[in-house]
Amino acid sequence: MSVEKMSVLVRLGKIPSKWLYLVIVLVVAIPIIYPFGTPFAITDATLAVYNEVEKLPAGGVVVIAGSNAYGFLIEIKECLQAFLMHVYSKDVKIVFISFSADDAMFTRVARDFLGISQDKPYKGKVYGIDWVDLGYITGGSASLAYFCKNAFFVTVDAYGNPTQNLPVMKEIGKADTWALYVEASAGTMVVTSMGVVSIPYKTTTVILNTAGWYPTHLPYVTAGIAKGMTMGILGGAEYEKLMGFVGLGHSGADVLNFTHLLTLVLVALANISYLGQYIEKRKLKEVKE
Amino acid sequence: MALRFLKRREIPISIAAICIIIILLGYFFVISELSAAASKAQLTSSIIGATAGFVGLINVTFAMGRRIVRRQPGHWYFATWSLIITYATIALGLGYGPFSTIYIKYFLSSQAPLYSAMTGLLIFFLLGAVYRAFVVRSLEALFLIIPGCIILLGNAPIGQIISPVIPQISLWILNIPNNAAARGMTIGTGIGTVALGVRILIGRERIGAGE
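Since the model is a prediction, treat every value here as computed from it, not as a measurement. Each chain carries its own residue numbering, running from 1 in the written order of its sequence. Naming scheme: in the order in which they are written, chains are lettered from A and ligands are numbered from 1. Owing to the predicted nature of the model, reporting of local features is limited to residues with pLDDT of at least 70; listing and counting of side-chain atom pairs is limited to 80 or more, with chain, interface and lining totals taken over all residues.

Visitor: Just to check I follow, could you spell out the overall build of chain B for this structure?
Guide: Broken down by element type, chain B carries 10 helices and 0 strands. To qualify as a helix, a DSSP run of H or I must reach at least 4 residues; to qualify as a strand, a run of E must reach at least 2; elements of each kind are numbered from the N terminus. Start at the N end of chain B and walk to the C end: the helices and strands fall as α-α-α-α-α-α-α-α-α-α. On C-alpha atoms alone, chain B measures out to a radius of gyration of 26 Å, which is more than a quarter above the 17 Å that the 2.2 N^0.38 rule sets for 211 residues. Its C-alpha atoms give chain B principal-axis dimensions of about 75 × 50 × 40 Å. Once local pairs closer than 6 in sequence are excluded, the contacts in chain B between residues at least 24 apart make up 23%. The size measure is the radius of gyration over C-alpha atoms, and the globule rule it meets is 2.2 Å times the number of residues to the 0.38 power. Residues are treated as contacting if the C-beta atoms built from their backbones sit within 7 Å of each other.

Visitor: Mind showing me how you'd approach the overall build of chain A here?
Guide: What chain A contains, in helices and strands, is 11 helices and 6 strands. Over its C-alpha atoms, taken along the principal directions, chain A stretches across nearly 85 × 40 × 30 Å. Scored against the burial criterion, the 289 residues of chain A give a buried share of 48%. By sequence separation, contacts in chain A at least 24 residues apart represent 75% of the contacts at least 6 residues apart. Residue burial here comes from a neighbour count, namely the number of other C-beta atoms, placed from the backbone, that lie within 10 Å of the residue's own C-beta, with 20 or more meaning buried, 12 or fewer meaning exposed, and in between meaning partly exposed.

Visitor: Looking at this model, I keep getting lost on the nonpolar core. Mind explaining?
Guide: The nonpolar side chains of a soluble globular protein tend to be buried with one another. All names here are of chain A. Note on terminology: a nonpolar core is any set of buried Ala, Val, Leu, Ile, Met, Phe, Trp, Tyr and Cys residues joined through C-beta atoms within 7 Å. Counting 89 residues, the largest nonpolar core has V62, V63, I64, V95, V182 and M229 as its most contacted members. If you tally residues by element for this core, the top one is helix 7 (residues 140–149), at 6 residues. Apart from the residues within four sequence positions on either side, V62 is in contact with L56, V87, V92, I94, A179, L180 and V182. Formed by 9 residues, the second largest nonpolar core is a distinct cluster that contains I24, L266, V267 and A270.

Visitor: What's the story with the interface of chain B and chain A in this structure? I'm lost.
Guide: Where the parts come together, the accessible area they lose is often given as the size of the interface. Each partner contributes residues to the interface: chain B has 45 residues there, and chain A has 49 residues. Elements represented by at least two residues in the side of chain B that touches chain A include exactly helix 3 (32–69), helix 5 (101–109), helix 6 (111–120), helix 7 (122–133), helix 8 (139–154), helix 9 (157–162) and helix 10 (165–201) of chain B. The biggest single contributor to the side of chain B that touches chain A is helix 3 of chain B, with 8 residues. Here the nonpolar group is Ala, Val, Leu, Ile, Met, Phe, Trp, Tyr, Cys and Pro; Asp, Glu, Lys and Arg are the charged ones; every other residue, Gly included, is treated as polar. Looking at the side of chain B that touches chain A, its residues break down into 26 nonpolar, 17 polar and 2 charged.

Visitor: What is the right way to read the environment of A58 of chain A from this model?
Guide: Residue and element names in this part refer to chain A. Checked against the element boundaries, A58 lands in the loop between helix 3 (44–54) and strand 1 (61–66). Using a count of 8 C-beta atoms within 10 Å as the deciding quantity, one classes A58 as exposed. When the C-alpha atoms of A58 and V92 are compared, they prove to be 5.8 Å apart, with 34 residues separating the residues in sequence.

Visitor: How should I be thinking about the packing of helix 5 (residues 77–88) of chain A against helix 6 (residues 101–114) of chain A in this particular structure?
Guide: Axes are the key here: two packed helices are described by the angle between their axes and the distance separating the axes. Residues and elements named next belong to chain A. Where helix 5 contacts helix 6, the axes come no closer than 10 Å and their chain directions differ by 60°. Overall, the two elements helix 5 and helix 6 adopt an arrangement that is oblique. The way helix 5 lies across helix 6 gives a crossing that is right-handed. Across the interface between the two elements, K77, L80, Q81, L84 and M85 from helix 5 touch A110, R111, F113 and L114 from helix 6. For the contact of helix 5 with helix 6, the residue count by class is 6 nonpolar, 1 polar and 2 charged. Angles shown run from 0 to 180 degrees and are taken between the N-to-C directions of axes, each axis being a line fitted to C-alpha atoms and, for helices, limited to the stretch in contact. Oblique is the label for any angle not under 35 degrees, not over 145, and not in the 65 to 115 range, which are roughly parallel, roughly antiparallel and roughly perpendicular in turn. What makes a crossing left-handed is the near helix being turned counterclockwise from the far one by less than a right angle; a clockwise turn instead makes it right-handed.

If you want it as structure tokens, here you go:
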């Protein structure tokens, strides 16, 4: 059938990809350029993450681990930044460890954004005394399991300093003494860390997750193995709201609104088209009979 | 003769079996010697993991080098570029350190935007696929599409604005039917992993032995 002869119903179901892509670009770009500030509520799972940080004991150790590719990590960047602002405001020792090369760079970028560096104190926290970045460690689950028993397994930090010389390293101890374990990544490493850290050592755990992996890892939250979990860019927006500032997470929430609405509109158009064509065919069949 | 003996598949299978037994026993029984041996096995695994990077590098060099030498049409220039990038990254990392300003700038202007762009492109394919596939052609499709749409609305703030019930229904779908399926998958994966371990233990699994 030529395009001219197509009925409106058929056309609804056959929108050319180029027009579809143009609409997607507009729907993503407009809320980024002009944020609408759509109101949103804070979910219980995100609130639980916030509350766990609030409950941290003085001098407690917070281990922030992650492993993922940069493209997926970008979804939890806003959440990680808001989370770091929160954790750094507490009287705790912070340890960063990465199980992928991208993640090591990612946490560094998130810290740079907040102005956290090893050269100058941030919120009174000094590198080596109050926090340390152990960088990328190969070996995945085996390395994480060993790190849970002996933090000095990592001999040099991300900046090349011997860990023996860093006072904060002496306070890390075994995983059962950690005040909070943060899995700031999505994917299979979350499952691994539940089995290697959270379950055997009963360490309080929270997950900063992407929206795509959120349903897969939800059983760990409902079972109480992880105390809380944030969901992608919306989780970032929620954490920003809890911390009382408006960041890029809020723009992300607007983008989510528009893209999700567009998805629903497209589903509706495709189904109207299908239903219309079905009725037309039935009528045609009845006329012929 | 010695080389022939080393190539026997029983050797890697035995090593794997011994490591599995040590780690399993070290997990279930509190015996200091066993725990120490399990820790040693985990540490060795980490070291092997690090060494695997070098093996990968050699492998990539040979694979790409072959394409360049053979001037494989449509491939050799990509292979050349791949090798240049690989060795430039290594040189920068070794020369300046992975947390030096130059290395971070290099990463943030290459890997980070490329990977982010690649992930970002998914939205075009996903929305295109949803438009063409989310059509109620059967009753089963209806049962898939309705919860899908509710979760879509529940995951965006707009769902709360339309009706406060939508996020609740979305959460119920995620917590009850989704949880049931996800738990099934997790338990299935766990049992599968145990089965694989047992197969390695009894020498039935030969992939690790290079077969």
